[in-house]
Amino acid sequence: MNGIDEHAQIREQLPLFVAGALDAQTEAQIARHAASCPACAAELERWQLISGGLRRLPTPQPSQSLVARTRTAVAEQIAERAEQGQNRTVLILLVCFSWIVTIAGWPLFRFLTGGVLSFLDIRFHQAWLVFAIVSGLTWLASGSAAVLLSARRQQERRVAL
Amino acid sequence: MGIEAAVLQLRRGDLDALSTLIARYQNRVYRYLLRLVRQPAEAEDLFQQTWLRVAEKIRSYDPGRNFDAWLLTLARNLAFDHLRRIQPSSLDEPVDDNAPQETRLSRLAASDPGPHDQSLAREQARHLAAALETLPVIYREVLSLRFEEEMKIEEIADVLGTPLSTVKSRLRRGLEQLRQTIEASYGKAQ
């Protein structure tokens, strides 16, 4: 490597040198060269002025009102998500309850109205109507409970805000 | 409360943990967003969106990952989405050379209170801030992450989602362009 090439190569590396983006070996090479080359040392100083200036730029700060607004917005989002999770759980439980009542209701109803032998009787007679009414009422009660719970939570949230 | 503990508690919905994280990172996130979008009103909006996104995505955060990088990546994605919406070409092209030099960032630098004997340093900071604003966003962000956030090259690559070589290339070009702008506008005295 002749002298001119070395100067050019060193200067090309100076922006990354001041950015601390070079490996230790290259950094040491540049430092050695700058120590013995006034022209490259002056060039390095100019780059250091820029990098030092960037490090010392004033830090713009968010206003306290922005930070407070942000905290409130995030807290509301977290509360809303928690409420959605709870609502989902309640809804799943209600649906399970309704299905259990629907599925288990028929044999139970037959057992209560006709005893054990009624299971051997596959005729429906008029019992299906009672069964349908009970099942319908169960689903209606579950749906109403879900709507009432949702309305109550919404009211609680309005009061909290 | 440490950052890791705060992150774990936020995953459980603890609002105190959220306050801890916001207090710890508010200046860095806001500064980074302001460097990207340059307009304080837009930076404020994105600041709020960033923390909403943190609350939304915190469960998917990998504790093995650097939280600083993860947080700034969320902020960056929101800022770039915003920039694409308002000005699709602004991500790669330098800003208008005829734009006024007295920008919000330079006003921030100039408005920093200090004694009169530091006016020269403040003036230089103002020039530097003004020159920084004229760079394309891809250079502004690497310069901000390296010199203001003091992130390692590997961390910057993580935030940008680019190879190390790309980060170094942008750092070099950003610094060179910044120096050219300063010397063209204010002479070599800067």
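Refer to the structure above for everything that follows.
So, here is what we can say about the structure in this document. Bear in mind that the values here come from a model prediction, so they are computed numbers and not experimental data.

When helices and strands are tallied, chain B shows 9 helices and 0 strands. Along chain B, from the amino end to the carboxyl end, the secondary structure elements read α-α-α-α-α-α-α-α-α. Counting the 190 residues in chain B, one finds 47% classified as buried. Look at the contacts in chain B between residues 6 or more apart in sequence, and 63% of them connect residues 24 or more apart. Of the roughly 9,000 Å² of accessible surface on chain B, a fraction of 45% belongs to carbon and sulfur atoms.

Turning to the overall build of chain A, a few remarks are in order. Broken down by element type, chain A carries 5 helices and 0 strands. In chain A, which comprises 161 residues, the proportion classed as buried is 28%. Taking the contacts inside chain A whose residues are at least 6 apart along the sequence as the reference set, 61% of them involve residues at least 24 apart. In the structure as shown, chain A presents an accessible area of about 10,500 Å², 64% of it carried by carbon and sulfur atoms.

Here we take up a nonpolar patch on the surface. Residues and elements named next belong to chain A. A surface patch of nonpolar side chains, amounting to about 500 Å² of accessible area, comprises Leu91, Val95, Trp99, Ile103 and Trp139. Of the residues forming the nonpolar patch, the biggest block, 4 residues, is contributed by helix H4 (residues 64-114). A relative accessible area of 47% means that Trp99 is categorised as partly exposed.

Turning to unusual backbone geometry, a few remarks are in order. Residues and elements named next belong to chain B. Positive phi, close to 70 degrees, is recorded for Arg38, a residue that is not glycine. Note that Arg38 resides in the loop between helix H2 (15-37) and helix H3 (40-57). A positive phi angle is found at Glu150, which is not glycine, with a value near 55 degrees. Position of Glu150 among the secondary structure elements: in the loop between helix H7 (137-148) and helix H8 (153-160). Of the residues examined, Glu150 reaches a relative accessible area of 56% and is grouped as exposed.

Here we come to the pattern of salt bridges. As enumerated under the stated definition, the model contains 11 salt bridges over all chains in all. A salt bridge links Arg84 of chain B to Asp81 of chain B; the nearest nitrogen and oxygen atoms lie 3.4 Å apart. With Arg84 of chain B and Asp81 of chain B both in helix H4 (residues 67-86), this residue pair falls 3 residues apart, about one helical turn. Residue classification places Arg84 of chain B among the partly exposed positions, given a relative accessible area of 45%. A relative accessible area of 38% means that Asp81 of chain B is categorised as partly exposed. Residues joined by salt bridges that share partners form a network here, namely Glu43 and Arg46 of chain A together with Arg179 and Glu183 of chain B.

One pass over the structure, following the stated rule, counts 6 aromatic pairs over all chains. Ring geometry for Phe67 of chain B versus Trp70 of chain B: centroids 5.6 Å apart, planes at 35 degrees, classification tilted. Taken together, the positions of Phe67 of chain B and Trp70 of chain B, both in helix H4 and 3 residues apart, correspond to about one turn of that helix. A relative accessible area of 8% places Trp70 of chain B in the buried class. An aromatic cluster of three or more residues is present, and its members are Tyr25, Tyr61, Phe67 and Trp70 of chain B. Sitting above the plane of the Phe80 of chain B ring, Arg76 of chain B keeps its charged end 4.2 Å from the centroid. Its end group placed over the ring of Trp47 of chain A, Arg179 of chain B keeps NZ or CZ at 4.8 Å from the ring centre.

Turning our eyes to something else, we now look at helix H1 (residues 3-11) of chain B. Residue and element names in this part refer to chain B. Among the residues of H1, Ile3, Ala6, Val7 and Leu10 are the ones counted as buried. Around the axis of H1, the buried residues are gathered within 100 degrees of arc, so they sit on the same side. Looking one or two residues past H1, Gly13 carries a phi angle of roughly 90 degrees, positive in sign.

Chain B puts 42 residues into the contact, and the matching count from chain A is 35 residues. Per-residue buried area on chain B facing chain A is highest for Phe147, Arg172 and Arg179 of chain B; these three make up 19% of the total on that side. Scanning the region where chain B abuts chain A turns up 1 salt bridge. Of the charged contacts, one joins Arg179 of chain B and Glu43 of chain A as a salt bridge, the two residues approaching to 2.7 Å between their closest N and O atoms. Taken together, the links from chain B to chain A amount to 6 residue pairs in polar contact (both at pLDDT 80 or more). Listed by contribution, the elements that provide at least two residues to the side of chain B that touches chain A are H2, H3, helix H5 (104-110), helix H6 (119-133), H7 and helix H9 (164-186) of chain B. Among the residues forming the side of chain B that touches chain A, the class breakdown is 24 nonpolar, 6 polar and 12 charged.

Let's shift gears to the nonpolar core. Ranked by internal contacts, the top residues of the largest apolar core, which has 80 residues, are Leu54 of chain A together with Leu21, Trp51, Phe67, Leu143, Leu175 and Leu178 of chain B. Here the element with the most residues in this core is H2 of chain B; it accounts for 12 residues. Once you skip the residues sitting within four places of it in the chain, Phe67 of chain B turns out to touch Ile3, Val7, Leu21, Tyr25, Ile58 and Tyr61 of chain B.

Take the side chain of Thr70 of chain A next. By the secondary structure assignment, Thr70 of chain A is in helix H4. When neighbours within four sequence positions are excluded, Thr70 of chain A is seen to be in contact with Ile22, Phe47, Gln48 and Trp51 of chain B.

What counts as what
- Residues numbered from 1 in each chain as written.
- Chains lettered and ligands numbered in written order.
- Predicted model: local features only at pLDDT ≥ 70, side-chain atom pairs only at ≥ 80, totals over all residues.
- Heavy atoms only, no water.
- Helix = DSSP H or I, 4+ residues; strand = E, 2+ residues; numbered from the N terminus.
- Buried < 20%, exposed > 50% of the residue type's maximum accessible area, 1.4 Å probe, protein only.
- Contact = heavy atoms within 4.5 Å.
- Areas by Shrake-Rupley, 256 points an atom, 1.4 Å probe, with all protein chains shown as cover.
- Patch = residues over 30% accessible without salt bridge, like charges linked within 9 Å, V, L, I, M, F, W, Y side chains within 5 Å.
- Salt bridge = Lys/Arg side-chain N within 4 Å of Asp/Glu carboxyl O.
- Phe/Tyr/Trp six-rings, centres within 6.5 Å; stacked < 30°, edge-to-face > 60°.
- Lys NZ or Arg CZ within 6 Å of the ring centre and 35° of its normal.
- Arc of directions from axis to C-beta.
- Buried area = accessible area lost by both parts, 1.4 Å probe.
- Polar contact = N/O pair within 3.5 Å; in protein donor to acceptor, adjacent residues only side chain to side chain.
- Nonpolar A, V, L, I, M, F, W, Y, C, P; charged D, E, K, R; others polar.
- Core = buried A, V, L, I, M, F, W, Y, C linked by side-chain atoms within 4.5 Å.

In short, geometric facts, not functional conclusions.
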